[in-house]
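# Residue-level structure breakdown
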Amino acid sequence: AAQPGVVYIWFRAGVYLSRLASGEPLPKSVKLPVAVVRFGDDLTFVFMGGEVVVDYARKLKRLFAAVHPWTVGYAYEVPCYIPSARILNEGGYEADSSLIYYGFYGPLRASVEDIIMSRLTKMLDSPRTQ
């Protein structure tokens, strides 16, 4: 009997071939919804789509301690596992092969953490509206 992972690889290949046969391109990027919600000066929620690794919460708490960030993963949607640079460097399931279960070919680029943190930094640094 075939192992479940082998069966899924054949399924994924079939999905990709169907996309290509219908003229649909294979995905080249992953959309990741993010949002920041502040409650005065006491609490800031940082919402991130996807299965987010804890490295993001730790980094946000270190860089933005004054606004008391609370990182929430699985917000809005779950496009895939969202690794940090550390996880990508270490390799393994989350970095190398978890994307296949979401319909993507991986791994993500090493710059994924910089891209996400750049966007969140802009949001967290933006002036508050009254």
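On a predicted model such as this, the values are computed, not experimentally measured, just so you know.

Nonpolar side chains in soluble globular proteins generally cluster together in the buried interior. Ranked by internal contacts, the top residues of the largest apolar core, which has 22 residues, are M48, Y56, L60, I116 and L120. Going through the elements one at a time, strand 2 (43-48), helix 2 (55-63), strand 5 (81-82), helix 3 (85-90) and helix 5 (112-125) are the ones with two or more residues in this core. Among the elements that line this core, the one with the most residues is helix 5, at 6 residues. Look past the residues within four positions of M48 in its chain and what remains in contact with it is P33, V34, Y56, T71, V72, G73, Y74, A75, I116 and L120.

Note that F47 resides in strand 2. Linking F47 and L124, residues 77 residues apart in sequence, is a C-alpha distance of 12 Å. Apart from residues no more than four positions distant in its own chain, F47 is found in contact with P33, V34, A35, V37, V72, A75 and Y76.

Among the residues of helix 2, those classed as buried are D55, Y56, A57 and L60. For helix 2, the secondary structure elements touched by its buried residues are strand 2, strand 3 (51-52), strand 4 (69-72), strand 5, helix 3 and helix 5.

What the rule picks out here adds up to 3 salt bridges. Here K59 makes a salt bridge to E113, at a shortest N to O gap of 3.0 Å. Here K59, found in helix 2, pairs with E113, found in helix 5; they are 54 residues apart in sequence, far enough to count as distant. A residue is classified by how much of its surface remains accessible, and K59, at 22% relative accessible area, is partly exposed. Its salt-bridge partner being R86, residue E90 comes within 2.9 Å of it at the nearest N-O pair. With E90 and R86 both in helix 3 and 4 residues apart, the pair spans about one turn of that helix. Note on E90: relative accessible area 54%, which makes it exposed. The class of R86 is partly exposed, set by a relative accessible area of 40%.

What counts as what
- Residues numbered from 1 in each chain as written.
- Predicted model: local features only at pLDDT ≥ 70, side-chain atom pairs only at ≥ 80, totals over all residues.
- Heavy atoms only, no water.
- Core = buried A, V, L, I, M, F, W, Y, C linked by side-chain atoms within 4.5 Å.
- Buried < 20%, exposed > 50% of the residue type's maximum accessible area, 1.4 Å probe, protein only.
- Helix = DSSP H or I, 4+ residues; strand = E, 2+ residues; numbered from the N terminus.
- Contact = heavy atoms within 4.5 Å.
- Salt bridge = Lys/Arg side-chain N within 4 Å of Asp/Glu carboxyl O.

So far we have only geometry, and geometry alone does not tell us how the molecule works.
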